[in-house]
Amino acid sequence: MEVLLGKTLEELQAVAQEVGLPRFAGKQLAEWLYVRRATSFDEMTNISLKGREALKARYTIGRHAHVAEAISKDGTKKYLFALYGDEARGDEAMRREARYIESVYIPDDDRATLCVSTQAGCKMGCKFCMTGTLGFHGHLTAADILNQIFSIPDADKLTNIVYMGEGEPMDNLDNVLRSLNVMTNAWGCAWSPKRITVSSVGITKGLKRFIEESDCHLAISLHNPFSVERQEIMPIEKVNHLNDVIALLKQYDWTHQRRVSFEYICWGGVNDTPKHANELLRLLKGLDCRINLIRFHAGVDQIFTSSNEQQMEWLRDYLTAHGITTTIRRSRGEDILAACGMLVNALSNNQ
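Residues numbered from 1 in each chain as written. Predicted model: local features only at pLDDT ≥ 70, side-chain atom pairs only at ≥ 80, totals over all residues. Heavy atoms only, no water.

A. Local environment of the overall build of the protein. Looking only at helices and strands, one finds twelve helices and 14 strands in the protein. In the protein, which comprises 351 residues, the proportion classed as buried is 52%. Contacts spanning at least 24 positions in sequence make up 67% of the contacts within the protein whose residues lie at least 6 apart. Of the roughly 16,000 Å² that the protein leaves accessible, carbon and sulfur atoms contribute 48%. (Helix = DSSP H or I, 4+ residues; strand = E, 2+ residues; numbered from the N terminus. Buried < 20%, exposed > 50% of the residue type's maximum accessible area, 1.4 Å probe, protein only. Contact = heavy atoms within 4.5 Å. Areas by Shrake-Rupley, 256 points an atom, 1.4 Å probe, with all protein chains shown as cover.)

B. Molecular detail of helix α1 (residues 9-18). Listed in full, the buried residues belonging to α1 are L9, L12, Q13, V15 and A16. Looking straight down α1, one finds its buried side chains confined to an arc of 155°; they lie on one side. Packing partners of the buried residues in α1 comprise α2 (25-35), α3 (49-58) and β2 (59-60). Following α1 by one or two positions, G20 has its phi on the positive side, about 90°. (Arc of directions from axis to C-beta.)

C. Summary view of the confidence of the model for the protein. This prediction gives the protein a mean pLDDT of 90; 89% of its residues lie at or above 70. The low-confidence segment residues 86-96 (pLDDT under 50) makes nine contacts with residues lying over four places distant or belonging to another chain. Below pLDDT 50 for its whole length, residues 344-351 participates in twelve contacts with residues either more than four positions away or in separate chains. (pLDDT = per-residue confidence, 0-100.)

D. Structural context of the packing of helix α6 (residues 173-184) against helix α7 (residues 204-213). For the pair α6 and α7, interaxial distance at closest approach is 11 Å and the crossing angle is 15°. Between α6 and α7, the angle falls in the class roughly parallel. α6 and α7 meet at a crossing whose hand is right-handed. Of α7, the residues touching α6 (which contributes L173, D174, L177 and L180) are G206, R209, F210 and E213. Residues belonging to the contact of α6 with α7 are distributed by class as follows: four nonpolar, one polar and three charged. (Axes fitted to C-alpha atoms, helices over the stretch in contact; angles between N-to-C directions. Parallel < 35°, antiparallel > 145°, perpendicular 65-115°, else oblique. Left-handed = near helix turned anticlockwise from the far one by under 90°. Nonpolar A, V, L, I, M, F, W, Y, C, P; charged D, E, K, R; others polar.)

E. Just the pairing of strand β13 (residues 290-295), in detail. Sheet topology note: the strand β12 (residues 260-266)/β13 ladder contains six bridges and is parallel. Following the sheet pairing, S261 is matched in β13 by R290. Taken together, β12, helix α10 (residues 274-284) and β13 constitute a β-α-β crossover, and its handedness is right-handed. Bridge count for β13 against strand β14 (residues 325-328) is four bridges, and the pairing is parallel. By the bridge assignment for β14, R290 is matched with T325. (Pairing = 2+ DSSP bridges. Right-handed = clockwise from strand over helix to strand, strands pointing away.)

F. Representation of the environment of I220 in the model. With respect to the helices and strands, I220 occurs in strand β11 (residues 217-221). Sequence spacing of I220 and V201 is 19 residues, and the spatial spacing of their C-alpha atoms is 5.7 Å. Those residues within four positions of I220 in sequence are excluded, and the remaining contacts are S200, L207, V245, L249, S261, F262 and E263.

G. Broad picture of the side chain of K7. Take K7: it is sitting in the loop between β1 (2-3) and α1. By relative accessible area, which is 12% here, K7 ends up buried. Apart from residues no more than four positions distant in its own chain, K7 is found in contact with E2, L12, V15, Y34, Y59, R178, V182 and W187.

H. Quick look at the packing of aromatic side chains. This model, assessed by the stated rule, comprises five aromatic pairs. A centroid spacing of 6.0 Å and a plane angle of 50° characterise the contact between Y34 and W187, whose relative ring orientation is tilted. With Y34 in helix α2 and W187 in the loop between α6 and β10 (196-200), the pair connects residues that are 153 residues apart, well separated along the chain. Taken individually, Y34 and W187 each receive the classification buried, so the pair is uniform in this respect. Taken together, a centroid distance of 5.2 Å and an interplanar angle of 55° make the contact between F128 and W267 tilted. Highlighted residues: F128 in the loop between β7 (119-121) and β8 (136-139) and W267 in the loop between β12 and α10, separated in sequence by 139 residues. Of the two residues, F128 and W267, neither departs from the other in class, the shared state being buried. Each residue in the set Y34, F150 and W187 is aromatic and connected to the rest through ring pairs, giving one cluster. The ring of W191 has R195 sitting right over it, with the charged end atom 3.6 Å from the ring centre. The lysine or arginine in question, K275, covers the ring of F226, its NZ or CZ lying 5.2 Å from the ring centre. (Phe/Tyr/Trp six-rings, centres within 6.5 Å; stacked < 30°, edge-to-face > 60°. Lys NZ or Arg CZ within 6 Å of the ring centre and 35° of its normal.)

I. Local environment of the nonpolar core. In this structure, Y34, I149, Y163, F210, L218, L249 and F262 are the most contacted members of the largest nonpolar core, which totals 98 residues. What Y34 contacts, discounting residues up to four positions off in sequence, is L4, L5, G6, K7, L12, F150, V182, W187, G188 and C189. (Core = buried A, V, L, I, M, F, W, Y, C linked by side-chain atoms within 4.5 Å.)

And the structure:
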C-alpha cells in the first residue's frame, strides 16, 4: 500500500480527489499528518466515513513505533526503528528480513535535539565510523525519515533536528529534501530551517543542490585538512576532493540566515597537531564558518585513540584566536552504545 507520510500538499490534494473527496480535503490530510500527527485514519473525524474507508483501502499512514531503546544516565535516548518493507505481509519471514535504523534524542537544558538517520547503513566506508561496519541496506524514504521525528515518545519536546545519524544525506537527497519540505513548509510542520542541520562527508553535486533548494544549516564532516591523510580514513576524498567542496561553499553567502560548520573528530597525534591547525586555517580562510571538535568514542576493533582534553582545548583556543569560532562538543550517551550503528549491531547479534 502507498504511504501518505512525506507527501506534499499538492500530492495530498490529488490523493483526496482520487478517493472521491473534494480537493480541499488534501489540506485536511496535511493537517492530520503533520500538525496533529495522526496515526490512523479513524482519527480524521472531519473527513467523511466513506472517504476514510476509501483511504484505508489504498493507503497507509506510514507511522510505526520504535522496537528497542537505550536510555543514558545523562538523559540521552537511543531508539531503534524497524523497516519492514512490505508491512502488509506481517509474517515472521518479513520480520526476520527487517532492516534497522537508529535515532538519538539529546535533551540539553532548554534544547532537545533529535539525530535522525537517512539510510540503513552507509556506503561511504569511513574507517572510524561504526555505521560503516553495517554495510549498506538501502535508502530511507521521506516517510522513514519523518517517522523517526514524529514517533519518538519525546516528539513534542523537540527544538532541533540534525540529519547526522546512519547514512549520507547527499546520497539520498530526493528523500532528504522531501522530508525537509514537510518539516519547514507552512502546510507541514512549519519549522524554521534554522532549527535543522544536515550533515555530509562532502559530495559536491548533492551539496550544490541542497544549498540551492533548502535553507537549513549544513555541517561538513571534515576530520583532516590534508587530502592524502583524509583519503586514508574517508574514501570519498578520492572522488570528491575537500578543496573542491570548500571552493563550492565559498560561492554562497553564509553570513545571514544559514550556517555552515565543520565536524572534526580529534585523534591524538593524528589530526590535532599545529600542522593540522594551520592547514585548517589556510583551507577555510575567507569562509564564514565554525568548527565543532568532537571527542572520539571507539567501538570494537578501533585503531584510533581520542585526543586528550588538554590538546583539544589548545586546538579550540588556537583556531578561535585565529578567526574561526571553534567549540568542543560535549559527549552524550556514552553508556548506551553511543556510536552510530552499535544498537543495531547489538540487536542483530541477539537474534
